[in-house]
Amino acid sequence: TRRSSDLFNSLFGDRLQALCPWADKTQTTAHTLRHHSVTVIERATSRAVATAFARHKPEGTNGIYTVASREEVAEAVVLVYGGDHPWLHRSDIDGL
């Protein structure tokens, strides 16, 4: 909802802009960081993985047939950002 996105941006985006001059100058928001992250994941892996990473529903016929698993999403996050991801160590999470 609009309210929750405003709340998230005030908790995160406004603080980011207050603490980082570059973020304030470029008007970086939580949404722009999310958009960038999804784009980076897609370019490093695939549209299916990026769609799952963004928690969007697959679109079109090809999207229905090319759905990424949670493990693929976790592997993509590790590939792009390094470190580890908890989904790689859990078997009790159904779906994305």
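The residue numbers shown here count from 1 along each chain, following its written sequence. For this predicted model, a pLDDT threshold of at least 70 governs which residues receive local features, and a threshold of 80 or more governs which side-chain atom pairs are given and counted, while totals over whole chains, interfaces and linings are taken from all residues. Only hydrogens and water are set aside; all other atoms, that is, all heavy atoms of the structure, feed into the side-chain values.

Chemist: Help me out: how do you make sense of a nonpolar patch on the surface in this one?
Modeler: A cluster of nonpolar side chains, Leu7, Phe8, Leu11 and Phe12, forms an exposed patch at the surface whose accessible area comes to about 390 Å². Secondary structure elements are taken from DSSP: a helix is a run of H or I of four residues or more, a strand is a run of E of two residues or more, and numbering for both begins at the N terminus. Considering the arrangement of structural elements, one finds Phe8 in helix H1 (residues 2–19). Judged by its relative accessible area of 48%, Phe8 is partly exposed. Nonpolar side chains (Val, Leu, Ile, Met, Phe, Trp, Tyr) are joined into patches within 5 Å and like charges within 9 Å, using only residues with over 30% relative accessible area and no salt bridge. In these tables, accessible area is a Shrake-Rupley quantity obtained with a 1.4 Å probe, and a residue counts as shielded only by the protein chains included in the view. A pairing counts as a salt bridge when a side-chain nitrogen of Lys or Arg comes within 4 Å of a carboxyl oxygen of Asp or Glu. Exposure categories follow from relative accessible area, calculated using a 1.4 Å probe and restricted to protein chains: below 20% of the type maximum is buried, above 50% is exposed, and the middle band is partly exposed.

Chemist: How do you make sense of the pattern of salt bridges when you look at a structure like this?
Modeler: If charged atoms from side chains of opposite charge come close, those side chains can pair. For the coordinates displayed, the defined rule picks out two salt bridges. Arg47 is the partner of Glu42 in a salt bridge, and the nearest nitrogen-oxygen pair spans 3.2 Å. A relative accessible area of 28% places Glu42 in the partly exposed class. Residues Glu71 and Arg70 are paired through a salt bridge, measuring 3.3 Å at the closest nitrogen-oxygen approach.

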